[in-house]
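Tertiary structure, described
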Amino acid sequence: MAPRRGAPHRPGMNGTQQIAAAVTPAVMVSACGLVALGLDNQISRMANRLRELVREHRSPDAPPARRAALAAQVAVLDRRHALYFRALILNYAALLSFVLTSLLWLAEAFVAIPAEIPVAVFALGVVMLAAMAVLVIASIHLARTTIEAEAGEVLGRGPGPARGEPARAGAR
């Protein structure tokens with residue numbers, strides 16, 4: 001049911017429901033902001049590490065075995081960076097969805113807006129956050145492959161192919 005023009009809230013909503021309707025999108029916007037800071041930090045750290053690895057790979061002193069290990073690590077970091085990039089885009093899209101939810105809720109005081117629209121926009125934001133979380137989990141899983149490659153090199157097991165990638169012909 002749409003509110004009367006100029007009405008402060010939907011008829012039938014008590015004060016607690018009003019507060020929840022007003023505060024929930026704001027809390028989600030704050031949460032998205034914090035997540036964005038963390039994702040941006042991860043992207044920056046990965047970009048810096050990628051540059052370090054590429055610099056070492058380009059060094060004329062790097063032996064072929066080390067170059068192979070560096071190439072494997074760069075491939076994994078590149079995939080992780082792409083996952084975090086997509087996650088960050090989804091996070092900002094979710095943030096926009098929560099801001100739009102608040103704007104729709106506020107606009108109800110002036111225009112008749114079906115109740116389903118702000119709920120659908122909010123739900124879309126939640127779905128985007130869930131997709132973002134899946135991408136971050138995938139990136140964290142890939143981080144383990146980088147650690148395994150580095151540990152394998154140091155511990156004498158050799159770099160080997162990254163988990164999830166096929167072994168090359170003739171490779172052990």
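What you see is a predicted model, and the numbers here were worked out from it, not measured in a lab.

Turning our eyes to something else, we now look at the overall build of the chain. Counting its secondary structure elements, the chain contains 3 helices and 0 strands. Element order for the chain, N to C, with α for helix and β for strand: α-α-α. A buried classification covers 29% of the 172 residues belonging to the chain. In the chain, the share of contacts with a sequence separation of at least 24, taken over all contacts with a separation of at least 6, comes to 73%. Summed over all atoms, the accessible surface of the chain reaches about 10600 Å², with 67% contributed by carbon and sulfur.

Within this structure, the stated rule accounts for 1 aromatic pair. Summarising the aromatic geometry, the rings of F98 and F122 are spaced 5.1 Å apart at their centres and angled 50° between planes, so their arrangement reads as tilted. Of this pair, F98 sits in helix α2 (residues 64-107) while F122 sits in helix α3 (residues 116-154), and the two are 24 residues apart along the sequence.

What follows concerns the packing of α2 against α3. When two helices pack together, their arrangement is captured by the angle between the axes and the distance separating the axes. Remark: α2 packs on α3, axes separated minimally by 8 Å, with the N-to-C direction vectors making an angle of 165°. What the angle tells us is that α2 and α3 run roughly antiparallel. Considering how the two elements wind past one another, α2 and α3 form a crossing that is left-handed.

With that settled, consider the environment of A69. Within the secondary structure, A69 sits in helix α2. On the accessibility criterion, A69 (0% relative accessible area) is buried.

Now for a nonpolar patch on the surface. On the surface, L96, V99, L100, L103 and L106 cluster together into a nonpolar patch covering about 430 Å² of accessible area. Tracing the chain through its elements places L96 in helix α2.

We now examine the side chain of S97. With respect to the helices and strands, S97 occurs in helix α2. Leave out the neighbours within four places in its chain, and S97 touches V121, F122, L124, G125 and M128.

Within the secondary structure, S139 is located in helix α3. Under the relative-accessibility criterion, S139 is labelled buried at 0%. Discounting residues that sit within four places of it in the chain, S139 has contacts with M46, R80, L83 and Y84.

When you line up the elements, M28 lands in helix α1 (residues 15-58). Separated by 71 residues in the primary sequence, M28 and V99 place their C-alpha atoms 8.9 Å from one another.

Quick look at the pattern of salt bridges now. Any two side chains of opposite charge can pair, on the condition that their charged atoms come close. Throughout the structure, instances matching the rule amount to 3 salt bridges. The salt bridge involving R49 is made with E52; its shortest N-O contact spans 3.3 Å. With a gap of 3 residues between them, R49 and E52 both fall in helix α1, about one helical turn apart. Residue R49 is classed as partly exposed on the basis of its relative accessible area, which comes to 31%.

So, on to the environment of D78. With respect to the element layout, D78 can be found in helix α2. Once the C-alpha coordinates of D78 and L50 are considered, the two residues, 28 residues apart in sequence, prove to be 7.7 Å apart.

The next thing to look at is the confidence of the model for the chain. Detailed reading of the predicted coordinates is not advisable wherever pLDDT falls low. When pLDDT is averaged along the chain, the result is 83, and 81% of the positions lie at 70 or above. Looking across the chain, the model is least confident in α1, with a mean pLDDT of 88, and most confident in α2, with 92. Ignoring residues within four places in sequence, the model shows residues 1-8, a span with pLDDT below 50, making 16 contacts including any to other chains. Low pLDDT, under 50, characterises residues 161-172; the predicted model gives this stretch 7 contacts beyond four residues in sequence or across chains.

Analysis parameters
- Residues numbered from 1 in each chain as written.
- Predicted model: local features only at pLDDT ≥ 70, side-chain atom pairs only at ≥ 80, totals over all residues.
- Heavy atoms only, no water.
- Helix = DSSP H or I, 4+ residues; strand = E, 2+ residues; numbered from the N terminus.
- Buried < 20%, exposed > 50% of the residue type's maximum accessible area, 1.4 Å probe, protein only.
- Contact = heavy atoms within 4.5 Å.
- Areas by Shrake-Rupley, 256 points an atom, 1.4 Å probe, with all protein chains shown as cover.
- Phe/Tyr/Trp six-rings, centres within 6.5 Å; stacked < 30°, edge-to-face > 60°.
- Axes fitted to C-alpha atoms, helices over the stretch in contact; angles between N-to-C directions.
- Parallel < 35°, antiparallel > 145°, perpendicular 65-115°, else oblique.
- Left-handed = near helix turned anticlockwise from the far one by under 90°.
- Patch = residues over 30% accessible without salt bridge, like charges linked within 9 Å, V, L, I, M, F, W, Y side chains within 5 Å.
- Salt bridge = Lys/Arg side-chain N within 4 Å of Asp/Glu carboxyl O.
- pLDDT = per-residue confidence, 0-100.

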